[in-house]
Amino acid sequence: MASDPSTQPGHGGADATATAQASIPQAVDALGATGGAQARNSGAGAHLLSVDEASAPVHAAGADMVKRLLAGRPFYISHRMGGTEYPEFTQKGLDASLRAGFTALEVSLRRCASGEFVAIHDWTTARTVPGTKYQIWNTPWSTLRTLRQGAGPFMRLTDIVARIPANVVLAIDHKTTSSQDQKNKGDLASEKALFEYLHRAFGGHPERRVLWKTFAKGTSATRAKARGYRTMAMLYPAEVAGARLAQWDVLGMEWNAGAHVWKTLAAAKKPTIAHIITNAGQVKRALANGASGLMASYPSRVHP
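Looking up the protein in an unreviewed UniProt entry gives the name Cytoplasmic glycerophosphodiester phosphodiesterase, with the organism given as Schaalia odontolytica.

If you want it as structure tokens, here you go:
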């Protein structure tokens with residue numbers, strides 16, 4: 001499998017993007033509450049926000065929806081916004097997930113060249129838009145917005161936030177820092193900018209609406225927990241023995257993992273979630289193994 005060059009120190013990638021963004025002169029929000037571009041200083045220089053991002057809807061800080069979600073038995077999260085039944089991370093899958101009763105959506109994010117956070121799992125468009133191979137970190141939104149993934153165009157995080165009801169949780173996976181001990185300064189700057197956006201978008205309490213998703217080798221969970229987020233680690237059977245399970249708040253495991261693996265997770269006394277569920281037979285096995293939640297990707301078949 002080809003590696004993601006945007007995560008490799010010295011390649012350019014996100015470091016190059018951060019350098020380009022840092023060169024933008026300090027901007028002034030002359031339009032005030034009417035909108036327009038704003039400047040955000042993240043320590044490495046000002047990043048000029050797009051009009052859409054700067055004027056994104058803000059959800060007032062309300063009840064702790066993450067706590068409410070995790071109290072459910074079982075609780076449900078729509079994987080890639082219904083990404084097996086529908087093209088991943090599209091409006092069609094989002095709408096279908098909400099209609100089916102999901103109150104949590106799993107969203108993978110990568111920051112594109114112009115600064116927007118785009119909902120996409122891979123580091124290029126090759127798999128979801130056949131015949132293309134745009135690198136997300138190196139491509140502006142003005143280009144990405146013209147592409148279609150089967151039933152619909154790409155979505156930005158701001159688009160998703162604008163469309164979800166106040167009781168919906170986002171399980172956010174910042175792809176370039178969720179699965180490794182990331183040292184790339186550009187990717188770490190991207191993560192910081194994401195934290196800042198979420199803080200603004202959810203009324204200063206994003207931890208009530210966002211569950212931070214990570215993997216066994218990722219270190220972003222530590223930074224997320226320092227900001228008050230609960231974290232969810234998606235694990236695989238071979239990783240369990242060497243993992244310090246206490247560091248995460250929710251433990252994810254393949255639905256068909258052996259009973260001994262699920263027994264180890266249960267001993268940690270944390271909520272658990274089985275992935276990736278697409279049919280009733282998998283639901284039955286996951287629940288029999290003790291899963292308290294289901295990461296499902298086929299809304300019409302598996303839903304709350």
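Still to come is the rest of the account.
A. Examining the overall build of the protein more closely. Per the secondary structure count, the protein includes 12 helices and 13 strands. For the protein, the residues scored as buried account for 52% of the 304 residues in total. Long-range contacts, defined here as pairs at least 24 residues apart, represent 58% of the contacts in the protein between residues at least 6 apart. Of the accessible surface of the protein, which amounts to about 12,900 Å², a share of 54% is contributed by carbon and sulfur atoms.

B. Inspection of empty space enclosed by the protein at higher detail. Using the criterion set out here, one finds two cavities of 30 Å³ or more in the structure. The computed volume of the second largest cavity comes to approximately 30 Å³. Forming the walls of the second largest cavity are Ala-60, Ala-61, Gly-62, Ala-63, Phe-202, His-205, Arg-208 and Arg-209. Per-class residue counts for the lining of the second largest cavity are four nonpolar, two polar and two charged.

C. Highlighting the pattern of salt bridges. For the structure on display, the rule yields 11 salt bridges. Note that Arg-156 and Asp-159 form a salt bridge whose closest N and O atoms lie 2.8 Å from each other. With respect to class, Arg-156 is no different from Asp-159; both count as buried. When salt bridges with common partners are traced through the structure, they connect Arg-80, Glu-88, Asp-122 and Arg-127 into a single cluster.

D. Structural view of the packing of aromatic side chains. One pass over the structure, following the stated rule, counts four aromatic pairs. Summarising the aromatic geometry, the rings of Tyr-76 and Phe-102 are spaced 6.2 Å apart at their centres and angled 85° between planes, so their arrangement reads as edge-to-face. Of this pair, Tyr-76 sits in strand E3 (residues 75-78) while Phe-102 sits in the loop between helix H4 (91-99) and strand E4 (104-111); the two residues are 26 residues apart in sequence, bridging distant segments of the chain. Phe-102 matches Tyr-76 in its accessibility class, with the two residues each being buried. With a centroid separation of 5.8 Å and an interplanar angle of 50°, the aromatic rings of Trp-212 and Tyr-229 are classed as tilted. Pair noted here: Trp-212 is in strand E9 (residues 210-215) and Tyr-229 is in the loop between helix H9 (220-226) and strand E10 (230-234), with a separation of 17 residues, a long-range link. Overall, the relative accessible area of 0% leaves Trp-212 in the buried class. An aromatic cluster is defined as three or more aromatic residues linked by ring pairs; in this entry it consists of Phe-195, Trp-212 and Tyr-229. Arg-301 extends its terminal NZ or CZ atom over the ring of Tyr-298, reaching a point 3.9 Å from the ring centre.

E. Quick look at the side chain of Gln-182. Relative to the elements of secondary structure, Gln-182 occurs in the loop between helix H7 (175-178) and helix H8 (185-201). Within polar-contact distance, the side chain of Gln-182 engages the backbone oxygen of Thr-176 at 2.6 Å. Reaching out from Gln-182, the side chain makes a polar contact with the backbone nitrogen of Asn-184 at a distance of 2.9 Å.

F. Structural context of the confidence of the model for the protein. A residue-level look at the protein finds 81% of positions with pLDDT of 70 or above and a mean pLDDT of 86. Counting interchain partners and residues more than four positions distant, the pLDDT-below-50 stretch residues 6-49 has 81 contacts.

G. Inspection of the environment of Thr-125 at higher detail. Tracing the sequence through the fold places Thr-125 in the loop between strand E5 (117-119) and helix H5 (141-144). As a C-alpha pair, Thr-125 and Gln-135 span 10 residues in sequence and 6.8 Å in three-dimensional space. Contacts of Thr-125, omitting those with residues within four sequence positions, involve Ile-120, Thr-132, Lys-133, Tyr-134, Ile-136, Leu-144, Leu-147 and Phe-154. Side chain to side chain, Thr-125 and Thr-132 meet in a polar contact 2.6 Å long. Engagement of the side chain of Thr-125 in a polar contact is seen with the backbone nitrogen of Tyr-134, the distance being 3.0 Å.

H. Up close: the nonpolar core. Membership of the largest hydrophobic core comes to 27 residues, with the highest contact counts inside it found for Leu-157, Ile-160, Leu-170, Ile-172 and Leu-198. Of all the secondary-structure elements, those providing two or more residues to this core are E4, E5, helix H6 (157-163), strand E8 (169-174), H8 and E9. Residue contributions to this core peak at six residues, all from H8. Sequence-distant contacts of Ile-172, defined by excluding residues within four places in its chain, comprise Val-107, Leu-109, Leu-157, Leu-194, Leu-198, Val-210, Leu-211, Trp-212 and Lys-213. Counting 25 residues, the second-largest nonpolar core is a separate cluster that includes Ala-100, Ala-243, Trp-248 and Met-253.

I. Fine view of the pairing of E10. Of all the five residues making up E10, five are buried; the element is thus mostly covered by neighbouring parts of the structure. By the bridge criterion, five bridges tie E9 to E10 in an arrangement that is parallel. Looking at E10, one finds that Trp-212 is bridged to Thr-231. A crossover links E9 with its parallel partner E10, the connecting element being H9, and its sense is right-handed. In this structure, E10 lies alongside strand E11 (residues 250-254), joined through three bridges in parallel fashion.

Criteria and thresholds
- Residues numbered from 1 in each chain as written.
- Predicted model: local features only at pLDDT ≥ 70, side-chain atom pairs only at ≥ 80, totals over all residues.
- Heavy atoms only, no water.
- Helix = DSSP H or I, 4+ residues; strand = E, 2+ residues; numbered from the N terminus.
- Buried < 20%, exposed > 50% of the residue type's maximum accessible area, 1.4 Å probe, protein only.
- Contact = heavy atoms within 4.5 Å.
- Areas by Shrake-Rupley, 256 points an atom, 1.4 Å probe, with all protein chains shown as cover.
- 1 Å grid on protein atoms, 1.4 Å probe; cavity = no way out; pocket = protein on both sides within 12 Å on 5 of 7 lines; lining within 4 Å.
- Points joined across faces, edges and corners; volume = space filled by probe spheres on them.
- Nonpolar A, V, L, I, M, F, W, Y, C, P; charged D, E, K, R; others polar.
- Salt bridge = Lys/Arg side-chain N within 4 Å of Asp/Glu carboxyl O.
- Phe/Tyr/Trp six-rings, centres within 6.5 Å; stacked < 30°, edge-to-face > 60°.
- Lys NZ or Arg CZ within 6 Å of the ring centre and 35° of its normal.
- Polar contact = N/O pair within 3.5 Å; in protein donor to acceptor, adjacent residues only side chain to side chain.
- pLDDT = per-residue confidence, 0-100.
- Core = buried A, V, L, I, M, F, W, Y, C linked by side-chain atoms within 4.5 Å.
- Pairing = 2+ DSSP bridges.
- Right-handed = clockwise from strand over helix to strand, strands pointing away.

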